[in-house]
Amino acid sequence: MIQAVVFDFGGVMTTTIMPERVRPLVKSLGIDWKVLEDGFARYRRQMDADLMTIEEMYARIWADAGLSVAPETQAKIVEEDMASYLYRDESTLAWMRDLKARGFRIGILTNMCTTFAKLFRKHFPDFIALADALVISGEEHLYKPQREIYDLLVDRIGLPPETLCFIDDVEANCQGARDAGWQAVRYESTPQASAALEGMLTA
């Protein structure tokens, strides 16, 4: 029986994710988006685990592609990258509040560097206030879908893994939760994910 619902941050608590703001800027600079796409695949999780800074991540991406990007240009890209995660999804907040009122424990498990975690705490305090357990990857030097990060959330929320359901917009992270013994719903929208969860609760 599901006793806790654990939420991802980006793409679940937010209405947009990074490419929405960064892609147009990169295009205006004449940089092929695939350069960043490939670079994120190589380095973003390491950045989320605080194994490198966001500036170091971008510097490695440019170096791998043989590009020379001016410091002020990189600073603008970093600014847009960070700002793009600040679009709150109020429908997710309402869903979390409803689940809490119904007696479910709430968790937050997110890949996020410590630099952005400061913005998260500033702009999403009402989301965070609902959480019975919180794990931010950069603070633990781990990242989804590593098994250890799911186990850490289990320890903090104090429930058996099979009683947890994870809500994440990335299938690999959902599968990581399943591999750790959780249940999971891949998030596409709040109505879709909420309906999927309710189906699991009544099955």
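Here, the structure is the one placed above.
Residues numbered from 1 in each chain as written. Predicted model: local features only at pLDDT ≥ 70, side-chain atom pairs only at ≥ 80, totals over all residues. Heavy atoms only, no water.

Caption draft 1: Structural detail: the overall build of the chain. When helices and strands are tallied, the chain shows 11 helices and 5 strands. Relative to its length of 203 residues, the chain is compact, with a C-alpha radius of gyration of 17 Å against a globular reference of 17 Å. Once the C-alpha set of the chain is aligned to its principal axes, its extents read approximately 55 × 30 × 30 Å. For the chain, contacts bridging at least 24 residues in sequence account for 65% of all contacts bridging at least 6. Accessible surface for the chain amounts to roughly 9,300 Å². Of this, 52% is attributable to carbon and sulfur atoms. (Helix = DSSP H or I, 4+ residues; strand = E, 2+ residues; numbered from the N terminus. Rg over C-alpha atoms; globule rule 2.2 N^0.38 Å. Contact = heavy atoms within 4.5 Å. Areas by Shrake-Rupley, 256 points an atom, 1.4 Å probe, with all protein chains shown as cover.)

Caption draft 2: Geometry of the nonpolar core. Counting residues in each nonpolar core, the largest one holds 50 residues, and the members touching the most others are F7, M13, L36, M57, Y58, F120 and I167. Looking at this core, the element that brings in the most residues is helix α2 (residues 33-48), giving 6 residues. Excluding residues within four positions of it along the chain, M57 makes contact with F40, Y43, R44, M47 and M52. Membership of the second largest hydrophobic core comes to 20 residues, among which are V135, L142, Y150 and V154. (Core = buried A, V, L, I, M, F, W, Y, C linked by side-chain atoms within 4.5 Å. Buried < 20%, exposed > 50% of the residue type's maximum accessible area, 1.4 Å probe, protein only.)

Caption draft 3: Up close: the side chain of Q74. Among the structural elements, Q74 can be located in helix α4 (residues 71-83). Once residues within four sequence positions are removed from consideration, Q74 is found in contact with E55, Y58, A59, W62 and V69.

Caption draft 4: Focus on the packing of helix α1 (residues 19-28) against α4. Remark: α1 packs on α4, axes separated minimally by 7 Å, with the N-to-C direction vectors making an angle of 160°. With respect to α4, the axis of α1 lies roughly antiparallel. Contacts between α1 and α4 pair R21, V22, L25 and V26 from the former with K76, I77, E80, D81 and A83 from the latter. Among the residues forming the contact of α1 with α4, the class breakdown is 5 nonpolar, no polar and 4 charged. (Axes fitted to C-alpha atoms, helices over the stretch in contact; angles between N-to-C directions. Parallel < 35°, antiparallel > 145°, perpendicular 65-115°, else oblique. Nonpolar A, V, L, I, M, F, W, Y, C, P; charged D, E, K, R; others polar.)

Caption draft 5: How the structure looks around the packing of aromatic side chains. A full pass over the atoms with the stated rule returns 14 aromatic pairs. When the centroid spacing of 5.7 Å and the interplanar angle of 65° are considered together, the rings of Y85 and F116 count as edge-to-face. One end of the pair, Y85, is in the loop between α4 and α5 (90-101); the other, F116, is in helix α6 (residues 114-123), with 31 residues separating them in the sequence. The exposure classification of Y85 matches that of F116, with both residues buried. Their ring planes at 85° and their centres at 6.0 Å tell us that Y150 and F166 sit as a pair that is edge-to-face. Here the residue Y150 occupies a position in helix α9 (residues 147-157), and F166 occupies one in strand β4 (residues 164-168), the gap between them amounting to 16 residues. The pair formed by Y150 and F166 is uniform in burial state, with each residue classed as buried. In this structure, R88 is placed above the aromatic ring of F124, and the distance from its NZ or CZ to the ring centre is 5.7 Å. (Phe/Tyr/Trp six-rings, centres within 6.5 Å; stacked < 30°, edge-to-face > 60°. Lys NZ or Arg CZ within 6 Å of the ring centre and 35° of its normal.)

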